[in-house]
Amino acid sequence: MAANELHAIAQAMVAKGKGILAADESGGTIKKRFDAISVESTENSRRDYRELLFRTDEAMKNYVSGVILYDETLRQKGADGTPLARIIQNSGAIPGIKVDAGAKRLAGCPGETITEGLDGLRERLAEYHGLGARFAKWRAVIDIGAGIPSYGCLHQNAQALARYAALCQEQKIVPIVEPEVLMDGDHDIARCESVTEFVLKEVFQELYYAKVELEGMVLKPNMIVSGKKCAQQAGVAEVAERTVKILKRCVPPAVPGIAFLSGGQSDVEATAHLNAMNAGYTLPWTLTFSYGRALQAAPQKAWAGKAGNVPAAQKAFAHRAHMNGLAVLGQWKAELEKGAA
Ligand code: 13P
């Protein structure tokens, strides 16, 4: 039955000690990342960079359950002609695909966005399934500021996430449901907590109305953290405590796993927070990672676009993947970061 197939994929995505590599940067975002390391973003440079990640066997076989790809990458072949999706599958990980068309200005709600991409989504999902994708991602963006978020923004984004998730399940693809409350701004951690709670309540209500099977999805939320520009920065224990509290209030145990985004946290912070939750609490779901920047910042820096740096970049990626794999088990320790690339 299709439902069981979906449950099995969702379970595999949150397998113990593993997590998801978010390598689905859009053309604009990957250009920004490459600009920072002085690499020109071309079809080939993007391919070479992503191929080096997917060929990092130590990371891919042991700590990565799935990889979120961008449309271009799902269609690309490695230098030897092997499709990149096949390289991922050969390592034992599952290829996934970002299917939203980005956050656009929301009419009537100044300063807020709505994520687009529902038109034609059924057909695109069917094609992506044919190309090997077994899960998808859609990111809603909620900004905190003076007078925002509005209920209208939360509601419309939650409804779009639910429509996306229902279409995914119809097409035998596991939806990653990602409502991201941004950490930009000077708000304190209590504000992040109350907004995130509201957002998650709204998302699960809409998922219910859309008849989404919770057993066949993965939630990708932000952690509850202080705004980046807030003078008072909460420590690791407080982030873990508040995040676990809100997730327990909002996420039914029927959801097999929760895979956090890193959202601009430093890579070690993202690992430490995840570890604190898994080490310190009894939880009804697996808590894992679906990191972009927190997994890729180190390998990007080590690579810098030079073929000769590929081994160093792979070492840096394997290290971060290993550290996060340990954090999923609650077995990470700060000392393990010493001597890392
Ligand atoms: P970050 O971990 O860099 O936030 O990226 C994760 C992601 O997929 C955002 O949509």
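Residues numbered from 1 in each chain as written. Predicted model: local features only at pLDDT ≥ 70, side-chain atom pairs only at ≥ 80, totals over all residues. Heavy atoms only, no water.

Here we look at the nonpolar core
Grouped together as the largest cluster of nonpolar side chains are 112 residues, with contacts concentrated most on Phe54, Tyr164 and Leu207. If you tally residues by element for this core, the top one is helix α8 (residues 151-170), at ten residues. Tyr164 has contacts with Val99, Leu118, Leu121, Ala136, Lys137, Trp138, Pro175, Ile176 and Val177, leaving out every residue within four places of it along the chain. (Core = buried A, V, L, I, M, F, W, Y, C linked by side-chain atoms within 4.5 Å. Buried < 20%, exposed > 50% of the residue type's maximum accessible area, 1.4 Å probe, protein only. Helix = DSSP H or I, 4+ residues; strand = E, 2+ residues; numbered from the N terminus. Contact = heavy atoms within 4.5 Å.)

Here's the deal with helix α9 (residues 189-209)
Working note: α-helix, 3.6 residues per turn, so residues spaced by three or four point in the same direction. With 21 residues, α9 extends 30 Å between its outermost C-alpha atoms, agreeing within 8% with the 30 Å of an ideal straight helix rising 1.5 Å per residue. With its phi angle positive at about 65°, Lys211 sits one or two positions after the end of α9. (Expected span 1.5 Å × (residues − 1).)

A few points about the site of the ligand
Close to the ligand lie 13 residues, the nearest being Lys137, Lys220, Ser262, Gly263 and Arg293. Within the side chain of Lys137, a nitrogen or oxygen atom sits 2.5 Å from an oxygen atom of the ligand. The contact in question runs from an oxygen atom of the ligand to an N or O atom on the side chain of Arg293, over 2.7 Å. Among the elements of the structure, β6 (135-142) and β10 (286-291) are those that each provide at least two residues to the shell around the ligand. (Near = heavy atom within 4 Å. Polar contact = N/O pair within 3.5 Å; in protein donor to acceptor, adjacent residues only side chain to side chain.)

Thoughts on the pairing of β10
Of all six residues in β10, six are buried, a share of seventy percent or more. Because side chains alternate across β10, one face comprises the buried residues Thr286, Thr288 and Ser290, and the other comprises Leu287, Phe289 and Tyr291, equally buried. As judged from the two bridges shared by strand β1 (residues 19-23) and β10, these two strands associate in the parallel manner. Counterpart to Leu21 in the pairing with β10 is Tyr291. Of the pairings in the sheet, the one linking strand β9 (residues 257-260) to β10 comprises four bridges and is parallel in character. Within β10, the position partnered with Ala259 by the bridge is Thr288. After leaving β9, the chain enters helix α11 (residues 267-280) and then returns to the sheet as β10, a path that is right-handed. (Pairing = 2+ DSSP bridges. Right-handed = clockwise from strand over helix to strand, strands pointing away.)

Some words on the environment of Ala294
The residue Ala294 is located in helix α12 (residues 293-303) in this model. With near-sequence residues (within four places) excluded, Ala294 lies in contact with Ser262, Asp267, Ala270 and Arg320.

Some thoughts on the sheet that holds strand β2 (residues 64-69)
Within the closed barrel, the eight strands sit side by side as β1-β2-β3-β6-β7-β8-β9-β10. Their pairing is parallel. In this structure, β6 lies alongside strand β7 (residues 174-181), joined through eight bridges in parallel fashion. Residue Trp138 lies in a different strand from β7, and its bridge partner there is Val177. The sheet strands contacting helix α3 (residues 43-54) are β1 and β2, and the helix crosses β1 at an angle near 170°. (Axes fitted to C-alpha atoms, helices over the stretch in contact; angles between N-to-C directions.)

Comments concerning the packing of aromatic side chains
Here the structure, examined in full by the defined rule, presents seven aromatic pairs. On the numbers, 5.6 Å between centres and 55° between planes, the contact of Phe34 with Trp303 is tilted. With Phe34 in helix α2 (residues 27-36) and Trp303 in helix α12, the pair connects residues that are 269 residues apart, well separated along the chain. Here the two residues Phe34 and Trp303 agree in accessibility, since each one is buried. For the pair Tyr208 and Tyr209, a centre-to-centre distance of 6.3 Å together with 50° between the ring planes defines the contact as tilted. Here the aromatic cluster, defined as three or more aromatic residues joined through ring pairs, consists of Phe34, Tyr49 and Trp303. (Phe/Tyr/Trp six-rings, centres within 6.5 Å; stacked < 30°, edge-to-face > 60°.)

Any link to function would need more than the numbers given here.
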